[in-house]
Amino acid sequence: MSPVDIFLRPYALSPSADLTPIQSRWLAEVVRRHEEHRGALDDARIHADARAAAPDFEGRLLHRADALGAREGWREAILRWQARARVLLFAAAVLALVLGFGAAAGVLGDGTRPVNVVWTLGGLLGVHLFSLLLWLVTLALQGGARGGFQHGGVLGRAWLALTGFLDRSKAAADLPLALGGLLGRGRLAAWGVGAANHALWCAALLGATLGVLALLATRRYGFVWETTILPADTFVALSAALGALPGMLGFPVPDAATVAASGDAPMLDEAGRRAWAGWLVGAVVVYGVLPRLVLALLCMLMWRRGTRRLALDLSRPGYARLRPLLMPDSERIGVRD
């Protein structure tokens, strides 16, 4: 099962559809929150069925929540919420791809003016690097403390907020808070939303890479770097440092003579153009696309590890009051023989 199945897996909007373990616990949290704030939804028949359905307390809680959720409409609301989240995430990924392509066209221009390699690279990677640094800092500061979705990244949180905003029904009112309460222990919520956040950034940077490649393939650009106070050796060292990792992957890197010549006039030599173009594409791929892809996969892995250990917090008052009803010390069974 995918680590973000809770958001991405297609679901049939059928009352009889089987719930995944995460969905079942999410539904139990919805029922608990409702009963703690609005009173109990006791049903003796449901309690009797729950006692017969599972031997352990959590299993009986999940069976009770499933029956109450189907009756109150929460079960269908969860399935509907997830289906809508899946569609929105796909649409957001397509939009990110298009915006990334547009960003590449904006920073490279139409070819009538030379391309400043420093400003172009900053325009393509600047916001991404700032966002990545902010995500790493917030994740480090969070530590192992309880937390909701606020540590998953801007794009991931915006996706969740839009998903909740599009369903204003009464049955869906408590879904985000219940899910946050379920996943709030440790970093599980951050890993889940972080996977979506990095996937969207990866789509945007992939769109930028495709845009750069398309423009470089159809237009003729001259490359230049400009400065008033810095020596040429600074840009020679900078280009060499940034081109080291892409060069290991086979991307062309301009040599020192090409870099130095690009400071006096736009590089118009064919070999120099190709070297700068390869350097630019390689930097976007290595410092943009690959880190986001790796982090998305890492967040997915951490999500899977966390969801395997996910369980209800049975010490909560809403669950504790149900223990005598679902786990009685004795039970009348009638005449058996």
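Residues numbered from 1 in each chain as written. Predicted model: local features only at pLDDT ≥ 70, side-chain atom pairs only at ≥ 80, totals over all residues. Heavy atoms only, no water.

(A) View of the packing of aromatic side chains. In total, this model carries three aromatic pairs according to the counting rule given. Here Trp 26 and Trp 81 contribute two aromatic rings whose centre-to-centre distance is 5.3 Å and whose plane-to-plane angle is 90°, an arrangement assigned as edge-to-face. With Trp 26 in helix α2 (residues 21–38) and Trp 81 in helix α5 (residues 74–108), this pair connects stretches of sequence that are 55 residues apart. Note on accessibility: Trp 26 and Trp 81 belong to one class, buried. The ring of Tyr 319 has Arg 32 sitting right over it, with the charged end atom 5.9 Å from the ring centre. (Phe/Tyr/Trp six-rings, centres within 6.5 Å; stacked < 30°, edge-to-face > 60°. Helix = DSSP H or I, 4+ residues; strand = E, 2+ residues; numbered from the N terminus. Buried < 20%, exposed > 50% of the residue type's maximum accessible area, 1.4 Å probe, protein only. Lys NZ or Arg CZ within 6 Å of the ring centre and 35° of its normal.)

(B) Structural detail: a positive patch on the surface. On the surface, Arg 304, Arg 305, Arg 308 and Arg 309 cluster together to form a positively charged patch. For Arg 309, a relative accessible area of 61% puts it in the exposed group. (Patch = residues over 30% accessible without salt bridge, like charges linked within 9 Å, V, L, I, M, F, W, Y side chains within 5 Å. Areas by Shrake-Rupley, 256 points an atom, 1.4 Å probe, with all protein chains shown as cover. Salt bridge = Lys/Arg side-chain N within 4 Å of Asp/Glu carboxyl O. Lys, Arg positive; Asp, Glu negative; His and termini not counted. Charge placed at Lys NZ, Arg CZ, Asp CG, Glu CD.)

(C) Representation of the packing of α2 against helix α8 (residues 175–183). The geometry of α2 relative to α8 is characterised by a closest axis approach of 9 Å and an angle of 115° between their N-to-C directions. Put simply, α2 runs roughly perpendicular to α8. Of the two possible hands of crossing, α2 and α8 adopt the one that is right-handed. Contacts between α2 and α8 involve Ile 22, Arg 25, Trp 26, Glu 29, Val 30 and Arg 33 from the former and Leu 175, Leu 177, Ala 178, Leu 179, Gly 181 and Leu 182 from the latter. Residues of the contact of α2 with α8, tallied by class, amount to eight nonpolar, one polar and three charged. (Axes fitted to C-alpha atoms, helices over the stretch in contact; angles between N-to-C directions. Parallel < 35°, antiparallel > 145°, perpendicular 65-115°, else oblique. Left-handed = near helix turned anticlockwise from the far one by under 90°. Contact = heavy atoms within 4.5 Å. Nonpolar A, V, L, I, M, F, W, Y, C, P; charged D, E, K, R; others polar.)

Any functional reading would require information beyond the geometric quantities listed.
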